[in-house]
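Residues per chain are reported as follows:
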Amino acid sequence: MSSLSRELVFLILQFLEEEKFKESVHKLEQESGFFFNMKYFEEKVHAGEWDEVEKYLSGFTKVDDNRYSMKIFFEIRKQKYLEALDGQDKAKAVEILVNDLKVFSTFNEDLYKEITQLLTLGNFRENEQLSKYGDTKTARSIMLIELKKLIEANPLFREKLGFPTLKSSRLRTLINQSLNWQHQLFAKPAAYTSLGAHGPFPPTAAAANANVLAGWMVNAAASSSVQAAVVTASSLPVPPNQVSILKRPITPPATLGMLEYPNADHEQHMKRLRPAQSVEEVTYPTVRQQASWSLDDLPRTVAFTLHQGSAVTSMDFHPSHQTLLLVGCNNGEITLWEAGIREKLCSKPFKIWDLQACTLTFQASAAKDAPFSVSRVIWSPDGSFCGAAFSKHLIHLYAYTGPNDLRQHLEIDAHSGGVNDIAFAHPNKQLCVVTCGDDKLIKVWDLTGRKLFNFEGHEAPVYSICPHQKENIQFIFSTAVDGKIKAWLYDNMGSRVDYDAPGLWCTTMLYSADGGRLFSCGAGKDGDAHLVEWNESEGAIKRTYTGFRKKCGGVLQFDTTQNHFLAVGEDSQIKFWDMDNINILTTMDADGGIPSLPRLRFNKEGNLLAVTSADNRIKILANATGLRSLRTAEAPPFEALRSPLESAAIKASGSTVPSVAPKVERSSPVRPSLILNGVDSMARSMEKPRALDDVNDKMKPLQLTEIMDPAHCRMVTMPDSTDATNKVARLLYTNSGVGILALGSNGIQKLWKWVRNEQNPSGKATASVVPQHWQPNSGLLMTNDISGVNLEEAVPCIALSKNDSYVMSAAGGKVSLFNMMTFKVMTTFMPPPPASTFLAFHPQDNNIIAIGMEDSTIHIYNVRVDEVKSKLKGHQKRITGLAFSTTLNILVSSGADAQLCTWSIDTWEKRKAVPIQLPAGKAPTGDTRVQFHSDQVRLLVAHETQLAIYDASKMERIRQWVPQDALSTSISCAAYSCNSQLVFASFIDGNVGVFDADTLRLRCRVAPTAYLSQSAINGSQAVSPVVVAAHPQEANQFAVGLSDGSVKVIEPTESDGKWGVSPPADNGLLNGRTGSSSTASNHAADQIQR
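Parameters and conventions
- Residues numbered from 1 in each chain as written.
- Predicted model: local features only at pLDDT ≥ 70, side-chain atom pairs only at ≥ 80, totals over all residues.
- Heavy atoms only, no water.
- Core = buried A, V, L, I, M, F, W, Y, C linked by side-chain atoms within 4.5 Å.
- Buried < 20%, exposed > 50% of the residue type's maximum accessible area, 1.4 Å probe, protein only.
- Helix = DSSP H or I, 4+ residues; strand = E, 2+ residues; numbered from the N terminus.
- Contact = heavy atoms within 4.5 Å.
- Pairing = 2+ DSSP bridges.
- Axes fitted to C-alpha atoms, helices over the stretch in contact; angles between N-to-C directions.
- Salt bridge = Lys/Arg side-chain N within 4 Å of Asp/Glu carboxyl O.
- Polar contact = N/O pair within 3.5 Å; in protein donor to acceptor, adjacent residues only side chain to side chain.
- Parallel < 35°, antiparallel > 145°, perpendicular 65-115°, else oblique.
- UniProt positions renumbered as here; feature names shortened; annotations may be inferred.
- Left-handed = near helix turned anticlockwise from the far one by under 90°.
- Nonpolar A, V, L, I, M, F, W, Y, C, P; charged D, E, K, R; others polar.
- pLDDT = per-residue confidence, 0-100.

A.B. asks: Even after reading the chapter, I still don't get the nonpolar core, so can you show me in this structure?
C.D. replies: The nonpolar side chains of soluble globular proteins are, as a tendency, buried together. Ranked by size, the top nonpolar core spans 42 residues in total, and within it Phe36, Phe41, Leu57, Tyr81 and Leu101 carry the most contacts. Those elements that place two or more of their residues in this core are helix H3 (38-47), helix H4 (50-57), helix H5 (67-86), helix H6 (90-101), helix H7 (109-117) and helix H8 (136-153). No other element matches H5, which puts 10 residues into this core. The residues touching Tyr81, leaving out its near neighbours within four places in the chain, are Ala93, Ile96, Leu97, Leu101, Ile115, Thr116, Leu118 and Leu119. Core analysis: the next-biggest nonpolar cluster, separate from the first, contains 39 residues, Ala765, Val1028, Ala1039 and Val1040 among them.

Printed below as a string of structure tokens:
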């Protein structure tokens, strides 16, 4: 249940309590499980109403949830039993013994026997341990003290014991305000129509959609034309005991001998596994943590200057490639800079792509209205597209397909007059473009150019837009040049807000990076500057920042960074504020030369700041981290920055490229291949050679790295992992990065955890510290169902829930769902035949599991209702890989038939099937694995014969690498690093290759001698890596699962910090397609199942 539903329940509980609906209050408390009323519980215990006590408890926990819960129920039933004995009601005592206490006999047989023997005593107080038992009232009071301690320590109750502070009669107030709003909004009642007629998005209740804007509508100023009020996600304060416990382990008191639970979310999730309840994982809002900071965190040092050549009007850094800067100019030119090497990657002078497709009005005015200026440039959230809005009518969308390649994607004649702003949004999880213009309209477009929504309501040209999402509600703030702020939902129902921005002129609105705080910056026509933070829950200005000159004389630009700082360009300076302090923090002039009102933009990490200067240049400012990244950034050779076709063209045209002898590092480097792997020679020969300048100046010697000796890397072997009869079949890091989970060919799973200590203060997996082989106190093993299974033929498979609470796996038998703390089997399903061969959780609904089968089908299974919702057929042999993309809304499957299929997540219909291109004469056999890049568009495909990168939106292969030279044997497994900059690939001869993820160029080879003993290498049965896994947060750490059952974690030495550098050989080219730029996203890519 969403946090919005949770807050609604609290409001209803308050209302029921105020109206004296006592039974309803406690019934809702129990059924919702959101608030445990300790006072009510105490009353029922004191009254001895045991059935009601247990019924109320059942809404929050069950007997077998954990040992806290077990002890709570035991104490209650024991008290009930003793009271029956004390009343000489032996029949009732026997009934309680058999029906209520028998369940505990499996955990402590001796205790149960001792309790049973009390029946033989005339007075149970003759038992020494019960000799001090007093009267019933006293005994209940003593027991209640113990029960309260157990409840407060039980993770299942951890965030449910405090009721939030609410204003009295809050629900009644909100309903009255909402009715007032509806009365003002509609002259007469009107039914909400389905949106199906207006666009592709599903209908949503208007009241629910308005939730996120509630505070704005409730507290609209006297000038507001719209008022409304419903609950917002932030309108309820977080109880003191609801401080986030999601990121720290909870260690219960040792006296109870309890197990460590990772978090309350874990227990909530376990509780929801029972029949007829949801398995989805829930995360509640947490208290904002105040991070420590200093002025040194701000990028204030001028690192260098980029010469643009024309006046810059807009800039935006790539969302994941931190030094990639998109620039728009007043002459309509779009430029892509790689700030790390201070070079223009490409430039797109303005031109109209298809004049005939534009409106007749625009065609008539286009020539005389030139020149065109760029109003705004912006990247899409995943960095796969960028958009430009122009001063006349048009927007251009480019597809970003490589380091120097912006490809024309879409031109739209979007508005009459100027297009003042452009942004990307994801209504209904579909990437769309939002624009606004001089025609007073806001429009929403899909990526084919189809107009989805047309928002009317402003009375002046719309200056800026700010799409955002709260909970599951998508909305857009807009500001006009008359200073009006409006808000829109994707429902064609008109604006929900009509506010006045400070200054009543051009204003821009921005959210902090975490989406939790809203700011606006603008100026009045009289020149007064205004920078404010808004209180979303109240719809009012929270704080107004000071420090501007009296008259700024134009439009201001501002930006936010690190969820802590604000920056504004004004008075030929850059001014910084701490978000929590209205007084200016510091100012700087960036060594002078910046205009009165400069443009500025932070990169997403906040360690670089681009600022325009008065001479058509861009200054790049950096903090210490930014300077370090700029100095140590791998400046790829000129060849690497150009498309592979250009490289091929140089060679084809006979241009001289000097051969470079790479310096030997530790040992002889892997010999660079001179062949172009997988090149379509026809496509290459058709490409016209391009003129390239200064090649010789830009070629730099590079080094390849071979790791031959254990001293040249860090490595740790998991304890108790070696078992020659049980190879590691699948390997996963936990999502938290603190453990490794290995599934053996015998169906048994093992878990290793790193402990937080002085040697390892982060508690994360590391090759510098030996972890613990973790098992619960019960000694249970996570053993899969293997009854009647031939383990030689079985295909083990595994998937881990997002919060590491549950692991789902199979080894030829039924699929088992294990509790990661207790190792207990929570449920089993999908008995063979056919056997399950691959498992994947749906990324947006943990109730839905995609299960690849031995008979080549894919079952879409709903755990909650224990039902197969869809059966997908498209492969000829067993399924060997599954990967979801939420960006493309598809599931990609791979099979032992060397086929790749894509399926719609919405309808489960097959979209496309393509074969992987195998070497001549190679039969279509062997496992094919798939894993999405962090951009959710590029797809890594690993087969024993090749590594390949596909553009999953078209299922076209854009890169390929085949085994060669020192890495010439078959590939056993491959995986993206967490930031998708590297690919780790293991080979059956023991080698591990580290590749650049964009180009598939080899960076480093880790030889078997670096991590295996001589006996393992030269033994009768040579040991080799079967699977490889990448750490979810450490980009250079990987683990290998070996054929002898052992698991090893490997990292570069601390002095190196990374695996080699990119080699000069272009051995990753296909069909003239360019590779994609490396990404520095901090979000861990979905782990490939191995």
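A.B. asks: How do you make sense of the sheet that holds strand E49 (residues 938-943) when you look at a structure like this?
C.D. replies: Think of a sheet as strands paired side by side through backbone hydrogen bonds, with each pair either parallel or antiparallel. If you trace the 4 strands from one edge of the open sheet to the other, you get E48-E49-E50-E51, paired in antiparallel fashion. Pairing within the sheet leaves two strands with one partner each, and these edge strands are strand E48 (928-932) and strand E51 (956-961). Each strand axis lies, on average, 25° off the axis of its neighbour in the sheet, ignoring direction. Alignment of strand E50 (residues 946-951) against E51, held across 5 bridges, turns out to be antiparallel. Paired with Ile949 across the bridge in E51 is Arg959.

A.B. asks: So what exactly am I meant to see when it comes to the pattern of salt bridges here?
C.D. replies: Oppositely charged side chains can pair when the atoms bearing their charge come close. Scanning all chains against the criterion turns up 31 salt bridges. Salt-bridge contacts for Lys575 lead to Glu570; the nearest nitrogen and oxygen are separated by 2.5 Å. The pair Lys575 / Glu570 is uniform in exposure class, with both members buried. Note that Asp996 and Arg1003 form a salt bridge whose closest N and O atoms lie 4.0 Å from each other. Taken together, the salt bridges that share partners define one network made up of Asp316, Asp559, Arg601 and Lys604.

A.B. asks: Explanation requested: the side chain of Gln474 in the structure shown.
C.D. replies: Here Gln474 shows up in strand E15 (residues 473-480). We classify Gln474 as buried; its relative accessible area is 15%. Within the structure, Gln474 has its side chain in polar contact with the backbone oxygen of His426 (distance 2.8 Å). At a separation of 2.8 Å, a polar atom in the side chain of Gln474 contacts the side chain of Gln469. Those residues in contact with Gln474 that sit more than four places away from it in its chain are His426, Pro427, His468, Gln469, Trp488, Leu489 and Tyr490.

A.B. asks: Is there a simple way to explain the packing of H4 against H5 in this structure?
C.D. replies: Close contact between H4 and H5 brings their axes to 11 Å; oriented N to C, the two are set at 175°. What the angle tells us is that H4 and H5 run roughly antiparallel. Side by side, H4 and H5 meet where Trp50, Asp51, Val53, Glu54 and Leu57 of the first sit next to Ile72, Phe73, Ile76, Arg77, Gln79, Lys80 and Glu83 of the second.

A.B. asks: In this structure, what is going on with the sheet that holds strand E12 (residues 442-446)? I would like to understand it.
C.D. replies: Judged by pairing direction, the sheet is antiparallel, and its 4 strands sit side by side in the order E10-E11-E12-E13 without closing on themselves. Here the strands that pair on one side only, and so sit at the sheet edges, are strand E10 (419-425) and strand E13 (451-455). Averaged over all pairs of adjacent strands, the angle between their axes in this sheet comes to 20°, without regard to strand direction. Pairing of E10 with strand E11 (residues 432-437) involves 6 bridges; the strand directions are antiparallel. Bridging from a neighbouring strand, Asp421 pairs with Cys436 of E11.

A.B. asks: Looking at this model, I keep getting lost on unusual backbone geometry. Mind explaining?
C.D. replies: Peptide bonds are mostly trans, and most non-glycine residues show a negative phi. Going from Pro832 to Pro833, the amide bond is cis rather than trans, its omega being -5°. Take Pro833: it is sitting in the loop between strand E39 (825-829) and strand E40 (836-841). The residue after Pro833, namely Pro834, is reached through a cis peptide bond having omega -10°. With respect to the helices and strands, the residue Pro834 is situated in the loop between E39 and E40. For Asn616, which is not glycine, the phi dihedral falls at a positive 60°. One non-glycine residue, Leu1000, lies in positive phi territory at about 55°. Owing to a relative accessible area of 0%, Leu1000 belongs among the buried residues under this scheme.

A.B. asks: Would you mind showing me how to read the UniProt feature "repeat: WD" (unreviewed entry) in the chain here?
C.D. replies: Summarizing the sequence annotation, UniProt attributes the feature "repeat: WD" (unreviewed entry) to residues 412-447, 556-587 and 872-913 in the numbering used throughout. For residues 412-447, helix accounts for 0% and strand for 56%, while the C-alpha atoms at its two ends are 10 Å apart.

A.B. asks: How should I be thinking about the packing of H6 against H7 in this particular structure?
C.D. replies: Each pair of packed helices can be summarised by the angle the axes make with each other and by the distance between the axes. For the pair H6 and H7, interaxial distance at closest approach is 11 Å and the crossing angle is 165°. Here H6 is positioned roughly antiparallel relative to H7, judged by the angle of their axes. You can see that H6 and H7 cross each other, and the crossing is right-handed. On H7, the residues that touch Leu97, Val98 and Leu101 of H6 are Tyr112, Ile115 and Thr116. Here the residues of the contact of H6 with H7 sort into 5 nonpolar, 1 polar and no charged.

A.B. asks: Please explain the pairing of strand E41 (residues 848-853) as it appears in this structure.
C.D. replies: The buried count for E41 comes to 6 of 6 residues, which makes it a mostly enclosed element. On E41, burial covers both faces: Ile848, Ala850 and Gly852 on one face and Ile849, Ile851 and Met853 on the other are all buried. Bridge count between E40 and E41: 5 bridges; the pairing is antiparallel. The partner of Phe838 across the bridge, within E41, is Gly852. Counting the residues that bridge the hairpin from E41 to strand E42 (residues 857-862) gives 3 residues, and of these Ser856 lies at a positive phi of roughly 85°.

A.B. asks: I tried to follow the confidence of the model for the chain on my own but got confused; where do I start?
C.D. replies: Detailed conclusions should not be drawn from predicted coordinates in areas where pLDDT is low. On average, residues of the chain carry a pLDDT of 80, and 78% of them reach 70 or more. The least confident element of the chain, judged by mean pLDDT, is helix H18 (residues 695-698) at 32; the most confident is strand E56 (residues 1025-1030) at 97. Low pLDDT, under 50, characterises residues 217-291; the predicted model gives this stretch 203 contacts beyond four residues in sequence or across chains. Segment residues 1062-1090 is flagged for pLDDT under 50; beyond a separation of four residues in sequence, or across chains, it makes 147 contacts in the model.

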